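Fold and geometry: a report
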Amino acid sequence: LFASRLTDAVLYGIASRRPGISLTQAVHLTRMMLYEDADSCMLRLIECFMESAPQLLLQLYILLSQPAPDGVVRLIAQYVSCGTSWLSLAWCLTAYQSALRNSRVEKANLRCLSTVFYFLWKAGVLLSRLLALALLADAFRAVWFAACLGVHWVVAVACLIHAGTTFCSARPNTPTEIIFDLVLGAVYCFDVINIREGRSRHFYATCYTVFGVENLTFAVAWFFRPWLPGVVEVGLARRPTDTFDRERVGVFPRWSLLLGVVGAFVLGIAMMLSYYRFAHPSHYARVCFESLFFFVLFIYYLVF
């Protein structure tokens, strides 16, 4: 499907440059090329999150649950691999946003500054989310990890079906659209994509409030798990190994990972606010006082 959409985009682009066609035909073919490119970016995004995100989550889990490997080169290689996967996920979201705006005549395209802020926004939110999920997997048994992620996925799919996507068909809630919503719900386990027209600040405020509460809960539960033997005895948490260290995880102090979850999320939200305030392509987009006040209070709650 991805290859088909990408091939169609290339063919439309070539056809729009043929000599002898009218300006109206060239505009129509160019617009069709941009539509196909946006669809192919969505498919690439889904593929990236269905492959790279679970692999990165597994890598982080291994780094957290296993002793640090011998040798600096091997350690650096592991962290470089995680870093490139994380940045590729953030760039995939940025590329989709750029392609989507390019395909809409009424939407202004992303500028360089807009792209930078949007990329940093997604990178911060993704880092916090992936690290929080890895901490949850490290602290608790697999069944509880699957239950938490499964509940989030079910709620995300229900919201998508209620919102009514029209990616695969002109009408919402068709069988193909429901299948698409089921797949897109897996992406929503890591980050969100606004699929509705109109102002998006309320959508992002709601979604990132849920993400922030979940991330903080997972990180705090992981941090205090060594001092709560009761949760191990009743079968909720994983039993610590003989090499378990309450103070350090690999090469990092234990508190630094908790701070990383909170700090990355705060950075992502700050970049989101900066994007809408200073670099939004529409120029007139501004963060309303109520939304800004809400996020300031929420960030204060997370930090203090």
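Residues numbered from 1 in each chain as written. Predicted model: local features only at pLDDT ≥ 70, side-chain atom pairs only at ≥ 80, totals over all residues. Heavy atoms only, no water.

1. Overview of the overall build of the protein chain
Let me state the cut-off plainly: Secondary structure counts use DSSP, requiring at least four H or I residues in a row for a helix and at least two E residues in a row for a strand, with both numbered from the N terminus. Note on exposure labels: buried denotes an accessible area under 20% of the residue type's maximum, exposed denotes more than 50%, and partly exposed covers the range between, all computed with a 1.4 Å probe on protein chains only. In these tables, accessible area is a Shrake-Rupley quantity obtained with a 1.4 Å probe, and a residue counts as shielded only by the protein chains included in the view.
For the protein chain, the helix and strand inventory stands at 10 helices and 2 strands. Reading the secondary structure of the protein chain in the N-to-C direction produces α-α-α-α-α-α-α-α-β-β-α-α. By the burial criterion, 44% of the 304 residues in the protein chain qualify as buried. Entry remark: accessible area of the protein chain is about 16300 Å², with carbon and sulfur atoms responsible for 67%.

2. Observations regarding the packing of aromatic side chains
Just so we agree on the cut-off: Each aromatic pair joins two rings of Phe, Tyr and Trp (for Trp, the six-membered one) with centres within 6.5 Å, and gets the label stacked for planes under 30 degrees apart, edge-to-face for over 60, and tilted for any other angle. As a reminder, the over-ring test applies to NZ of lysine and CZ of arginine, requiring each to be within 6 Å of the ring centre and within 35 degrees of the ring normal.
Taken as a whole, this structure holds 15 aromatic pairs when the rule is applied. Where Trp-121 meets Tyr-208, the ring centres are 6.5 Å apart and the plane angle is 75 degrees; that geometry is what we call edge-to-face. Residue Trp-121 is found in helix α4 (residues 112-139), and its partner Tyr-208 is found in helix α7 (residues 201-224); the two are separated by 87 residues along the sequence. With respect to burial, Trp-121 and Tyr-208 carry one shared label: buried. For Lys-122, the ring lying beneath its charged end belongs to Trp-121, and the centroid distance is 4.6 Å. Arg-129 extends its terminal NZ or CZ atom over the ring of Phe-211, reaching a point 4.5 Å from the ring centre.

3. Describing the confidence of the model for the protein chain
To keep it simple, the criterion reads: Known as pLDDT, the predictor's confidence for each residue is given on a scale from 0 to 100. In this analysis, two residues are considered to be in contact whenever any of their non-hydrogen atoms come within 4.5 Å of each other.
When pLDDT is averaged across the protein chain, the result is 81; 81% of the residues are at 70 or more. Predicted confidence in the protein chain is weakest over helix α10 (residues 289-303), with a mean pLDDT of 52, and strongest over α4, with 93. A low-confidence stretch, residues 286-290 stays under pLDDT 50, and its non-local contacts, those more than four residues away or across chains, total 7 contacts.

4. Quick look at the pattern of salt bridges
So the rule is basically this: For this document, the term salt bridge refers to a Lys or Arg side-chain nitrogen within 4 Å of an Asp or Glu carboxyl oxygen.
This model, assessed by the stated rule, comprises 2 salt bridges. Here Arg-129 and Glu-214 are joined by a salt bridge, their closest N and O atoms 2.8 Å apart. Of this pair, Arg-129 sits in helix α4 while Glu-214 sits in helix α7, placing them 85 residues apart in sequence. Residue class for Arg-129 comes out buried when judged on its relative accessible area of 1%.

5. Observations concerning the UniProt feature "transmembrane region" (unreviewed entry) in the protein chain
Here is the rule we go by: UniProt positions are given in the numbering used here, feature names are shortened, and annotations may be inferred rather than shown by experiment.
Per the UniProt record, "transmembrane region" (unreviewed entry) is annotated on residues 116-136, 142-161, 203-224, 255-276 and 283-303. As annotated, residues 203-224 has a helix share of 100% and a strand share of 0%, and its two end C-alpha atoms lie 32 Å apart. As a span, residues 255-276 carries 100% helix and 0% strand, and end to end its C-alpha atoms are 32 Å apart.

6. Re the nonpolar core
Selection rule: Nonpolar cores are built from buried Ala, Val, Leu, Ile, Met, Phe, Trp, Tyr and Cys residues. Side-chain atoms within 4.5 Å join them into one set.
Membership of the largest hydrophobic core comes to 71 residues, with the highest contact counts inside it found for Phe-49, Trp-121, Phe-190 and Tyr-208. No other element matches the 15 residues that α4 contributes to this core. Not counting residues within four places of it along the chain, the set of residues in contact with Phe-190 comprises Phe-49, Ala-53, Leu-57, Leu-126, Arg-129, Leu-130, Leu-133 and Phe-211.

7. A short note on a nonpolar patch on the surface
Heads up, the rule is: Here a patch means residues that are over 30% exposed by relative accessible area and free of salt bridges, tied together within 9 Å if like-charged and within 5 Å if nonpolar (Val, Leu, Ile, Met, Phe, Trp, Tyr).
Judged by side-chain polarity, Trp-153, Val-154, Ile-178 and Leu-182 come together as a nonpolar surface patch covering roughly 300 Å² of accessible area. Secondary structure elements with two or more residues in the nonpolar patch: α5 (142-163) and α6 (175-187). As for its position among the elements, Trp-153 is in helix α5. A relative accessible area of 32% places Trp-153 in the partly exposed class.

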